[in-house]
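Here is how the chains run, residue by residue.
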Amino acid sequence: MALTVDVPAWVAPVLAVLAVVVHSVGEVWESSGGYARGFGLAPDHAQGQYQGLLGIGFDAGQALAPVILTGAVLALGHTGWLLLGVFFALLGAAGPPVAAWAERTRPTNPDEEAPTDAHGPARGRKTS
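This report concerns the structure included in the present document. For clarity, every value in this text was computed on a predicted model and none was experimentally measured. Here the residue numbers are simple positions, counted from 1 along each chain's written sequence. The predicted nature of this model means local features are confined to residues of pLDDT at least 70 and side-chain atom pairs, given and counted, to a pLDDT of 80 or more, with totals for whole chains, interfaces and linings taken over all residues. As a rule here, side-chain values come from all non-hydrogen atoms in the structure, and water together with hydrogens is ignored.

**A look at the overall build of the protein chain**
Here's step 1: Helix numbering and strand numbering both begin at the N terminus, where a helix is a DSSP run of H or I of at least 4 residues and a strand a DSSP run of E of at least 2. Across its full length, the protein chain carries 3 helices and 0 strands.
Here's step 2: What you see in the protein chain, going N to C, is helices and strands ordered as α-α-α.
Here's step 3: Going through the 128 residues of the protein chain one by one, you find that 18% of them count as buried.
Here's step 4: Of the contacts formed within the protein chain by residues at least 6 apart in sequence, a portion of 25% connects residues at least 24 apart.
Here's step 5: Residue burial considers only the protein chains on display, and all accessible areas are found by Shrake-Rupley using a 1.4 Å probe. Carbon together with sulfur atoms contributes 70% to the accessible area of the protein chain, which is approximately 9600 Å² in total. Buried means the residue's accessible area, taken with a 1.4 Å probe over protein chains only, is under 20% of the maximum for its type, while exposed means over 50%, and partly exposed covers the values in between. Working rule for contacts: check all heavy atoms of both residues, and any pair within 4.5 Å makes them a contact.

Given below as structure tokens:
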């Protein structure tokens, strides 16, 4: 959206529509990824804990968003918008590797211990 300011009048609506499409696709991916991680990675006995943490993270983002957005955009203008875009793109790109790591290091059977990684044993050892 920041790029729509200094372009010809006919280009701005095209960029705005493109921005809305990219944002909408990102929202769908974020929502489906959140549910997949919140339900798919959670062991059967810990569904509530995973959902609670997912909710806390979402609520924290909602609480911090006005401060971060206002600070970045008012202080930095176009650069703030672009930095926010880069930040969210990097954050989104980090999701698949983190999810893959979580799937690799959690036990597949509740009676087995989780495999260890380079930092030692996984935290949620035995579940019963």
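**Points about helix α2 (residues 47–76)**
Here's step 1: Under the convention used throughout, the expected extent of a helix is 1.5 Å for every residue step, that is, one less than its residue count. The end-to-end C-alpha separation of α2 is 41 Å, in line with the 44 Å expected for 30 residues at 1.5 Å each.
Here's step 2: Bend at a residue means the angle formed by two fitted axes: the first through the 7 residues ending at that position, the second through the 7 residues beginning there. At leucine 64, α2 shows its largest kink, close to 40 degrees, and the proline proline 66 lies no more than four residues downstream.
Here's step 3: Of the residues trailing α2, glycine 77 is marked for its positive phi of about 65 degrees.

**Remarks on the packing of α2 against helix α3 (residues 78–105)**
Here's step 1: Remark: α2 packs on α3, axes separated minimally by 5 Å, with the N-to-C direction vectors making an angle of 135 degrees. Considering their axes alone, α2 and α3 lie oblique with respect to each other. Facing α2, whose interface residues are Ile68, Leu69, Ala72, Val73 and Leu76, α3 presents His78, Thr79, Gly80, Trp81, Leu83 and Leu84.
Here's step 2: For the contact of α2 with α3, the class distribution of residues is 8 nonpolar, 3 polar and no charged. Fitted lines through C-alpha atoms serve as axes, helices being fitted only where they are in contact, and the angles separating the N-to-C directions of these axes extend from 0 to 180 degrees. When describing relative orientation, an angle under 35 degrees is termed roughly parallel and one over 145 degrees roughly antiparallel, while 65 to 115 degrees is termed roughly perpendicular and anything else oblique. Residue classes follow a fixed rule: Ala, Val, Leu, Ile, Met, Phe, Trp, Tyr, Cys and Pro count as nonpolar, while Asp, Glu, Lys and Arg count as charged, and any other residue, Gly among them, counts as polar.

**Focus: the environment of glycine 52**
Here's step 1: With respect to the element layout, glycine 52 can be found in helix α2.
Here's step 2: Since its relative accessible area comes to 34%, glycine 52 is described here as partly exposed.
Here's step 3: When the C-alpha atoms of glycine 52 and glycine 38 are compared, they prove to be 9.1 Å apart, with 14 residues separating the residues in sequence.

**Description of a nonpolar patch on the surface**
Here's step 1: There is a patch of nonpolar side chains on the surface, built from Val17, Val21, Val25, Val28 and Trp29 and spanning about 510 Å² of accessible area.
Here's step 2: Inspection of the secondary structure puts valine 25 in helix α1 (residues 11–40).
Here's step 3: Residue valine 25 is classed as partly exposed on the basis of its relative accessible area of 37%. Here, patches come from residues exposed beyond 30% relative accessible area and free of salt bridges, joined within 9 Å for like charges and within 5 Å for nonpolar side chains (Val, Leu, Ile, Met, Phe, Trp, Tyr). We define a salt bridge as a contact between a side-chain nitrogen of Lys or Arg and a carboxyl oxygen of Asp or Glu at a distance within 4 Å.

**Overview of α3**
Here's step 1: With 28 residues, α3 should reach 40 Å at 1.5 Å per residue; the first-to-last C-alpha distance of 41 Å fits that figure.
Here's step 2: Where α3 bends most, the angle comes to about 25 degrees, and this point is glycine 95, followed within four residues by the proline proline 96.
Here's step 3: What α3 keeps buried is the set Gly80, Leu84, Gly95, Ala99, Ala102 and Thr105.
Here's step 4: In this structure, the buried side of α3 is in contact with α1 and α2.

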